[in-house]
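Residues per chain, in single letters:
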Amino acid sequence: MKLNKNFTLLVTGESIANIGDVLYMVSLISMVFALTGSAGAASVVPFTITSSMFVSSLLTPLLIGRVNLKWLLAGSQIGKTVLLVVLGAVVAMLTVENYFYVFFVVAGIAFLDGVATPIRQTLTPHYVEPDDLLRANGIAQTITQMIQMGMWFVGSLFLLIVTAQQLIWITGGLFAAASIILCFLQSVSKPIHGSERKLEQIQEGWNTLWKVPVLRRIAVMDVLETIAGTVWIAAILLVFVTDALHAGEKWWGFINGAFFAGLIAGSLYCVKYASQVEKRLGTHILLGAVMSCVVTFLFGFSKLPVLALLLSFAVGLFGQMKSIPQETVIQTSVPKEKMSTVYTSLGALSTGIFGISSLGMGVLADWLGIRSVFLVSGLLLAAVSLIVIRSRRIFVKNIV
């Protein structure tokens with residue numbers, strides 16, 4: 001696969017922005033915790049982000065069709081840069097009495113992130129030939145997961161040599177660089193909504209999900225997988241390590257890192273064997289779904305930290321072997337002009353469900369025990385596997 005200029009610019013700009021996102025989160029959580037001494041206050045940061053991205057996913061269709069997709073992506077990044085500069089300027093004035101103003105900036109940045117994510121996914125098929133689409137998705141996912149795995153560690157090291165405010169300024173520089181790079185993307189044709197009412201524009205993606213059989217099934221699978229995936233949030237995983245495995249907190253970091261390593265391995269597999277995966281999209285989606293279910297059950301019963309670490313790696317591996325072929329199916333199942341609204345609807349579905357189910361899994365863990373939530377997760381993934389088994393023939397690459 002020969003990477004064309006636009007795909008390279010898109011991945012480079014988004015990668016720099018992703019690095020900045022992690023560093024910004026590290027500095028912000030550290031700063032809020034230092035001001036308040038409260039882990040609860042620090043946990044409001046991810047909750048605020050999830051809530052804002054949910055609202056953004058609902059409203060983004062109103063912008064699609066009125067703003068060129070390239071400028072919508074670049075403009076959201078420029079907006080994030082401006083908000084971060086504002087945050088960096090006011091950090092020195094924050095106290096325990098007024099720190100909550102930070103959450104307004106956090107909400108604004110998350111809102112713009114919610115705009116950028118579906119647009120990036122939509123632009124990939126515009127910049128990549130259909131035969132290279134699966135490999136392109138694999139490359140983008142590999143880079144994203146490597147950033148996620150490495151930058152939390154790097155960000156923590158940064159805080160040993162710079163202050164949280166200085167780290168915010170560094171992030172601002174990364175956001176500015178990403179904004180400039182994204183401005184050089186080639187413009188793509190955009191849908192014109194014309195006289196459509198605002199409600200019709202918001203409903204467009206949902207209507208497409210309902211009318212296209214394979215997308216309808218993927219939406220149901222996304223709901224089940226999102227609920228199942230909440231067992232891997234940091235709080236639940238930490239309790240599992242300490243209460244179920246009776247291991248030290250360092251194993252929490254090891255197991256979490258193994259999960260990201262598995263994601264990277266799954267992405268690299270899809271890149272290396274792209275032609276074989278593309279010929280058997282349904283088979284790989286089924287294999288990923290079934291094995292994710294089996295491995296999650298085994299993880300819930302595991303008693304040895306080393307075994308749990310290996311199973312965590314396997315969850316990431318098989319999950320990614322399913323998600324990349326599945327994304328290729330989505331990108332080739334609808335016309336390009338409808339793709340952005342489909343992704344915003346799927347994004348709204350996953351972020352909304354994730355916020356609610358995170359709280360639900362926490363309550364369930366307290367009520368039935370920490371191992372029970374992994375068994376529930378396994379059952380949900382079993383339901384996903386049944387959906388794939390019954391519908392495997394429609395999980396194919398379609399050029400619309």
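Look a little higher up for the structure.
Residues numbered from 1 in each chain as written. Predicted model: local features only at pLDDT ≥ 70, side-chain atom pairs only at ≥ 80, totals over all residues. Heavy atoms only, no water.

1. Points about the packing of aromatic side chains
Rules: Pairing of aromatic side chains requires ring centres within 6.5 Å, counting the rings of Phe and Tyr and the six-membered ring of Trp. Pairs whose planes differ by under 30 degrees are stacked, by over 60 edge-to-face, and all others tilted. Charge-over-ring contacts are defined here by two conditions on Lys NZ or Arg CZ: a distance within 6 Å of the ring centre and an angle within 35 degrees of the ring normal.
Within this structure, the stated rule accounts for 10 aromatic pairs. Note that lysine 80 overlies the ring of phenylalanine 175, its terminal NZ or CZ placed 4.6 Å from the centroid. A cation sits over an aromatic face here: lysine 272 above tyrosine 273, 5.7 Å from the ring centre.

2. As for the pattern of salt bridges
Where charged atoms from two side chains of opposite charge come close, those side chains can pair. Note the cut-off: The salt bridge definition used is simple: a Lys or Arg side-chain nitrogen within 4 Å of an Asp or Glu carboxyl oxygen. Helix and strand assignments come from DSSP, with helices taken as H or I runs of at least 4 residues and strands as E runs of at least 2, each series counted from the N terminus. In this scheme, a residue with accessible area under 20% of its type's maximum is buried, one over 50% is exposed, and one in between is partly exposed, where area comes from a 1.4 Å probe on protein chains only.
Evaluation of the coordinates by the stated rule reveals 3 salt bridges. Of the charged contacts, one joins lysine 80 and aspartate 113 as a salt bridge, the two residues approaching to 2.8 Å between their closest N and O atoms. With lysine 80 in helix H3 (residues 69-90) and aspartate 113 in helix H4 (residues 102-127), this pair connects stretches of sequence that are 33 residues apart. Taking the shortest distance from any N to any O, the salt bridge between lysine 322 and glutamate 225 comes out at 2.7 Å. Linking lysine 322 in helix H13 (residues 305-331) with glutamate 225 in helix H8 (residues 213-229), this pair joins segments that are 97 residues apart in sequence. Assessed through its relative accessible area of 3%, lysine 322 is described here as buried.

3. Things to note about a nonpolar patch on the surface
To keep it simple, the criterion reads: Each patch groups residues whose relative accessible area exceeds 30% and which form no salt bridge, using 9 Å between like charges and 5 Å between nonpolar side chains of Val, Leu, Ile, Met, Phe, Trp and Tyr. Note on areas: these come from Shrake-Rupley sampling with a 1.4 Å probe, and a residue is covered only by the protein chains present in the view.
Taken together, Val290, Val294, Leu298, Leu386 and Ile389 make up a surface patch of nonpolar side chains, about 420 Å² in accessible area. Among the elements of the structure, helix H12 (281-301) and helix H15 (370-391) are those that each provide at least two residues to the nonpolar patch. A per-element tally of the nonpolar patch places H12 first, with 3 residues. For valine 290, the position within the fold is in helix H12.

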